[in-house]
Amino acid sequence: MTTRSAARFAAVTALCAGTMLFAACADTGTGTATTSAAPVSQAAPPAETPQQRSLRIRDQLVRLGCDSNSCIQTYFACEDGVVSGDACEFYRRHPLN
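Quick look at the structure, then. As the structure is a computational prediction, the values presented were derived from the model and not from experiment.

Observations concerning the packing of helix α2 (residues 50–64) against helix α3 (residues 69–80)
Consideration 1: Relative orientation of the contacting elements α2 and α3 amounts to 125°, with a least axis distance of 11 Å. Judged by the inter-axis angle, α2 sits oblique to α3. The handedness of the crossing between α2 and α3 is right-handed. Taking contact as the criterion, the partners of R53, S54, I57, R58, L61 and V62 in α2 are, on α3, I72, Y75, F76 and E79.
Consideration 2: Of the residues assigned to the contact of α2 with α3, the class counts are six nonpolar, one polar and three charged.

Here it is, written out as structure tokens:
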């Protein structure tokens, strides 16, 4: 019987906490609109996606002379830490970010 009442108490407490949280976040409509005091500046450019980054690095590698598929794959494997040793010499000489 004690565990049943403890479970009920926990459920009621969670329900009350959720209701209070919801009420605190709700717009009451009594406030005034706030404006930003800071001037509006240009938005930052969108972040580069992993695919865009890979294509950019691949293009840079081709310009550096790493134009074969195996060279490009080895470069990314060295960057990821999958391959090490002499095979990563090109990666060590040309660390592209």
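A word on the nonpolar core
Side chains of nonpolar character tend, in soluble globular proteins, to be buried together.
Consideration 1: Membership of the largest hydrophobic core is limited to eight residues, which are I57, L61, C66, I72, Y75, F76, F90 and L96.
Consideration 2: Only α2 and α3 provide two or more residues apiece to this core.
Consideration 3: Among the elements that make up this core, the one with the highest residue count is α3 (three residues).
Consideration 4: Those residues in contact with F76 that sit more than four places away from it in its chain are S54 and I57.

Considering the state of the cysteines
Structurally, a disulfide amounts to a covalent bond that connects the sulfur atoms of two cysteines.
Consideration 1: Scanning all chains against the criterion turns up two disulfides.
Consideration 2: For C66, the disulfide goes to C71, at an S-S distance of 1.9 Å. Linking C66 and C71, the disulfide has an S-S dihedral of approximately -125° and is accordingly described as left-handed.
Consideration 3: Take C66: its relative accessible area is 1%, and that puts it in the buried class.
Consideration 4: For C71, a relative accessible area of 22% corresponds to the partly exposed category.
Consideration 5: With cysteine numbering restricted to those in disulfides and following the sequence, the protein chain has the pairing 1-2, 3-4.

Calculation rules
- Residues numbered from 1 in each chain as written.
- Predicted model: local features only at pLDDT ≥ 70, side-chain atom pairs only at ≥ 80, totals over all residues.
- Heavy atoms only, no water.
- Axes fitted to C-alpha atoms, helices over the stretch in contact; angles between N-to-C directions.
- Helix = DSSP H or I, 4+ residues; strand = E, 2+ residues; numbered from the N terminus.
- Parallel < 35°, antiparallel > 145°, perpendicular 65-115°, else oblique.
- Left-handed = near helix turned anticlockwise from the far one by under 90°.
- Contact = heavy atoms within 4.5 Å.
- Nonpolar A, V, L, I, M, F, W, Y, C, P; charged D, E, K, R; others polar.
- Core = buried A, V, L, I, M, F, W, Y, C linked by side-chain atoms within 4.5 Å.
- Buried < 20%, exposed > 50% of the residue type's maximum accessible area, 1.4 Å probe, protein only.
- Disulfide = S-S within 2.5 Å.

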